[in-house]
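Chain by chain, the residues:
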Amino acid sequence: MDKLRLTGGRRLEGEVAVSGAKNAALPIMCAALLTEAPLSLANIPRLMDIATMAKLLGQMGVRIERTADGKMSLHAERITEPTAAYDLVKTMRASVLVLGPLLARCGRAKVSLPGGCAIGLRPVDQHVKGLQAMGAAISIDHGYMHAEAKRLRGTRIVMDLVTVTGTENLMMAAALAEGTTLLENAAREPEVVDLANCLAAMGARIEGAGTDVIRIEGVASLAGASHRVMPDRIETGTYLAAAAAAGGRVRLSGAAPETLDATLEKLREAGATIRKGRDTVEIEMAARPTAVSVRTAPYPAFATDMQAQFMALATVATGTALITETIFENRFMHALELQRLGADISIQGNTAVVKGVERLQGATVMATDLRASAGLVIAGLVAEGQTVIERIYHLDRGYEALETKLRALGAKVERVR
Ligand code: UD1
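Visitor: Even after reading the chapter, I still don't get the overall build of the protein chain, so can you show me in this structure?
Guide: Helix and strand counts for the protein chain come out as 14 helices and 24 strands. The C-alpha radius of gyration computed for the protein chain amounts to 21 Å, which stays within 12% of the reference 22 Å derived for 417 residues, consistent with globular compactness. Counting only C-alpha atoms, the protein chain reaches 65 × 45 × 40 Å along its principal axes. A fraction of 73% describes how many contacts in the protein chain between residues 6 or more apart in sequence connect residues 24 or more apart. Taken as a whole, the protein chain presents about 16,200 Å² of accessible surface, with 47% of it coming from carbon and sulfur.

Visitor: I would appreciate a short explanation of the nonpolar core in the present structure.
Guide: The nonpolar side chains of soluble globular proteins are, as a tendency, buried together. Formed by 77 residues in total, the largest nonpolar core has its most connected members in Val-98, Leu-131, Leu-152, Met-171 and Leu-199. Examining the composition of this core, we find that seven residues originate from one element, helix H1 (residues 22–31), more than from any other. Those residues in contact with Met-171, other than ones at most four positions away along the chain, are Leu-183, Val-192, Leu-195, Ala-196, Leu-199, Ile-206, Ile-214 and Ile-216.

Visitor: What is the right way to read the site of the ligand from this model?
Guide: What surrounds the ligand is a group of 19 residues, the closest being Asp-125, Gln-126, Thr-165, Asp-305 and Ile-327. Asn-23 is positioned with one of its side-chain polar atoms (N or O) 3.0 Å from an oxygen atom of the ligand. With respect to the ligand, the side chain of Asp-125 contributes an N or O atom lying 2.7 Å from a nitrogen atom. Protein coverage of the free-state accessible area of the ligand, which is 740 Å², stands at 88%. Contributions of two or more residues to the shell around the ligand are made by helix H5 (125–133) and helix H6 (164–175). The leading source of residues in the shell around the ligand is H5, at three residues.

Visitor: Can you help me understand the sheet that holds strand E19 (residues 320–324) in this one?
Guide: In any sheet, the strands associate via hydrogen bonds between backbone groups, in a parallel or an antiparallel arrangement. The four strands are arranged E18-E19-E21-E20 in an open sheet whose pairing can be described as mixed. Across the chains shown, the open sheet's two edge strands, defined by having one partner strand only, are strand E18 (294–295) and strand E20 (344–348). Across two bridges, the pairing between E18 and E19 is parallel. Following the sheet pairing, Val-294 is matched in E19 by Ile-323.

Visitor: Explain the packing of H6 against helix H7 (residues 190–201) to me, please; I cannot follow it from the model alone.
Guide: The relative placement of two packed helices comes down to the angle between their axes together with the axis-to-axis distance. In the contact formed by H6 and H7, the axes pass within 10 Å of each other and the chain directions differ by 15 degrees. It follows that H6 is roughly parallel to H7 by the angle criterion. Here H6 and H7 pass one another in a crossing that is right-handed. Between H6, through Val-164, Thr-167, Glu-168, Met-171 and Met-172, and H7, the contact on the second element is made entirely by Glu-191, Val-192, Leu-195, Ala-196 and Leu-199. Class assignment for the residues of the contact of H6 with H7 results in seven nonpolar, one polar and two charged.

Visitor: Could you clarify how one ought to interpret the sheet that holds strand E1 (residues 3–7) in this entry?
Guide: Within the open sheet, the four strands sit side by side as E22-E23-E1-E24. Their pairing is mixed. Edge positions in the open sheet fall to strand E22 (364–366) and strand E24 (412–416), since each of these has one partner strand only. Put simply, the sheet's adjacent strands are angled 20 degrees from each other on average, direction ignored. The sheet contact formed by E1 and E24 spans five bridges and is antiparallel. Residue pairing across strands places Lys-3 opposite Val-416, the latter belonging to E24. Lying over the sheet, helix H12 (residues 370–382) contacts E1, E22 and strand E23 (386–390), oriented at roughly 30 degrees with respect to E1.

Visitor: Explain the packing of helix H11 (residues 333–340) against H12 to me, please; I cannot follow it from the model alone.
Guide: The N-to-C vectors of H11 and H12 enclose an angle of 20 degrees; their axes lie 9 Å apart at closest approach. The pairing of H11 with H12 is recorded here as roughly parallel in orientation. Handedness of the H11/H12 crossing: right-handed. In this structure, H11 uses His-334, Glu-337 and Leu-338 to contact H12, whose residues at the interface are Ala-372, Gly-375, Leu-376 and Ala-379.

Visitor: Would you take a moment to explain the pairing of strand E5 (residues 72–75) for this structure?
Guide: When a strand is regular, its side chains alternate between the sheet's two faces. Both strand E3 (residues 38–42) and E5 contribute to a ladder of four bridges, which runs antiparallel. Bridge pairing in E5 places Leu-41 opposite Met-72. Judged from the four bridges that link them, strand E4 (residues 63–66) and E5 form a sheet pairing that is antiparallel. From the neighbouring strand, Glu-65 faces E5, where its bridge partner is Ser-73.

Visitor: Looking at this structure, how should I read the side chain of His-227?
Guide: One can find His-227 in strand E14 (residues 225–228). There is a polar contact of 3.0 Å between the side chain of His-227 and the side chain of Asp-194. When sequence neighbours within four positions are dropped, the list of residues in contact with His-227 reads Ile-28, Ser-40, Leu-41, Ala-42, Asp-194, Asn-197 and Cys-198.

Visitor: Quick question: what am I supposed to make of unusual backbone geometry here?
Guide: Apart from glycine, the bulk of residues carry a negative phi angle, and the bulk of peptide bonds sit in the trans form. In the segment running from Tyr-299 into Pro-300, the intervening peptide bond is cis, with an omega of 10 degrees. Among the secondary structure elements, Pro-300 is positioned in the loop between E18 and helix H10 (307–315). Positioned with a positive phi, His-142 is a non-glycine residue whose angle comes to about 50 degrees. For His-142, the position within the fold is in the loop between strand E8 (137–141) and strand E9 (144–148). Backbone geometry places Arg-391, a non-glycine residue, at a positive phi of 60 degrees.

Visitor: Please explain the pattern of salt bridges as it appears in this structure.
Guide: A pair can form between side chains of opposite charge whenever their charged atoms are brought close. Taken as a whole and assessed by the stated rule, the structure comprises 28 salt bridges. Residues Glu-235 and Lys-405 are paired through a salt bridge, measuring 2.7 Å at the closest nitrogen-oxygen approach. Taken together, the residues span a long stretch of sequence, with Glu-235 in helix H8 (residues 233–246) and Lys-405 in helix H14 (residues 402–408) at a distance of 170 residues. Side by side, Glu-235 and Lys-405 carry an identical accessibility label, which is buried. Here the salt bridges do not stand alone but share partners, grouping Asp-2, Asp-396, Glu-403, Arg-415 and Arg-417 into one network.

Each value, and the rule that gives it
Note that residues are indexed from 1 along each chain, following the sequence as it is written. It should be noted that, the model being predicted, local features are given only for residues of pLDDT at least 70 and side-chain atom pairs only at 80 or more, the latter also being counted only at that level, while totals for whole chains, interfaces and linings use all residues. Hydrogen atoms and water are omitted, and side-chain values are computed over all heavy atoms in the structure. For helices the rule is a DSSP run of H or I covering at least 4 residues; for strands it is a run of E covering at least 2, with both sets numbered from the N terminus onward. Computation of the radius of gyration draws on C-alpha atoms, with the globule rule given as 2.2 Å multiplied by the number of residues to the power 0.38. Two residues qualify as a contact provided that any one of their heavy atoms is within 4.5 Å of a heavy atom in the partner residue. For accessible areas, the Shrake-Rupley method is used with a probe of radius 1.4 Å. Any residue's cover is judged against the shown protein chains and nothing else. Grouping buried Ala, Val, Leu, Ile, Met, Phe, Trp, Tyr and Cys residues that are joined through side-chain atoms within 4.5 Å yields what is termed a nonpolar core. Residue exposure (1.4 Å probe, protein chains only): buried if accessible area is under 20% of the type maximum, exposed if over 50%, otherwise partly exposed. Being near a molecule or strand, for a residue, means having at least one of its heavy atoms within 4 Å of it. Residues adjacent in sequence count toward polar contacts only when both atoms are side-chain atoms; beyond that, a polar contact is any pair of N or O atoms within 3.5 Å, and within protein one must be able to donate a hydrogen and the other to accept it. Strands are treated as partners if at least two bridges between them are detected by DSSP. Each axis is a line fitted through C-alpha atoms, taken for helices only over the stretch in contact, and angles between the N-to-C directions span 0 to 180 degrees. Geometric relationships in this document are graded by angle, where less than 35 degrees denotes roughly parallel, more than 145 denotes roughly antiparallel, 65 to 115 denotes roughly perpendicular, and other angles denote oblique. If you view the pair so one helix is near and one far, a crossing is left-handed when the near helix is turned anticlockwise from the far one by less than a right angle, and right-handed when it is turned clockwise. Under the grouping applied here, Gly and all other residues not named as nonpolar or charged are polar, the nonpolar ones being Ala, Val, Leu, Ile, Met, Phe, Trp, Tyr, Cys and Pro and the charged ones Asp, Glu, Lys and Arg. Should a side-chain nitrogen of Lys or Arg be within 4 Å of a carboxyl oxygen of Asp or Glu, the pair is scored as a salt bridge.

Read these as spatial facts, not as claims about activity.
What follows is the structure in structure tokens.
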């Protein structure tokens, strides 16, 4: 299994091009299931999760072509088998995003329950409840959800909690339902808006994406379209946090600064100077960071997907930071690994108390999930000596060309096979 070896202590200087957003690309790829016509996408990142989704859709008869420059065309002319099997679903929870589109297009779907996940329980009850409200019959049998509905009917759905993929699943299903669907307490994440924009280009009638009430007027069929996936705000934030921890001056190009308000605000609080352009963000960090506390919550608040990176930043800050996680119940696994590097962290319930230390020391650590790994990379960039991160397949799920991009900033990093 590949490892990442970092030698810490260098300032980061230079420019990095941001990739397309994984969490927008995944649902948008599933939107291809809603039409017989081809869907042409641009700015698709080269990531393990994207390959997994392509494989999953391929098993259903979707023809997929990828070209080198981030373009992908998906053609679901005929869906041969509306089934998502356990072997792929278990590796990527976002696979559940095929449920709504398959049901709407084929009238039936069989999707494996995602099962346990390292960062928490992450049930799918809201997806199921919403589809049932739209008239679907759903049963659970031998670890699979079996869903059936001749034609879904629009209705008012009030979600018990804010779920990103739940909102996306129901929005896609509602696009082909009969009548109007109101999704209340919907997720406001920019990736939901990007999906809504793609669906609109395909002929869907959607209002309110980006607010907590989304109104979808179902149509009989959707057409093909071309869509460019939005920039990855979490990747952007990760490089910014890395620069804030290591010091230096880094410019991110091809970014969407308007999606980063909460992160940028916290970086400023940590002492960084931030300059925003139309599609660029630049960070300059001259001194040791000041401790900043964060509390994760649904967008537009501070993202749970940025929590581990900010915990890493706090480990070398002056002062004490409180990092509170309100979305996932078990998302502090990186804290133990950061302690192995000399961080001073104590966990009290869903809050980590991080007392900044002057410096971390390199050691061997283990990646446990995607964003936890990103936190460890940041720690490795500032730790004295060598840090080896094991199980970096987690990073390959969500960070395109990580070593190349870090090296372009002057970091000393190599992949050990
Ligand atoms: C998405 C993102 C993930 C991010 C998360 C929160 C994708 C592919 N992934 O994951 O990177 O960390 O949003 O911003 O976009 N929940 C339920 N019942 C449900 C659905 C969710 O109880 O039916 C709970 C979950 O256990 C979790 C919370 O709601 O505690 C938020 O989960 P959700 O927004 O659904 O996360 P994902 O969409 O899986």
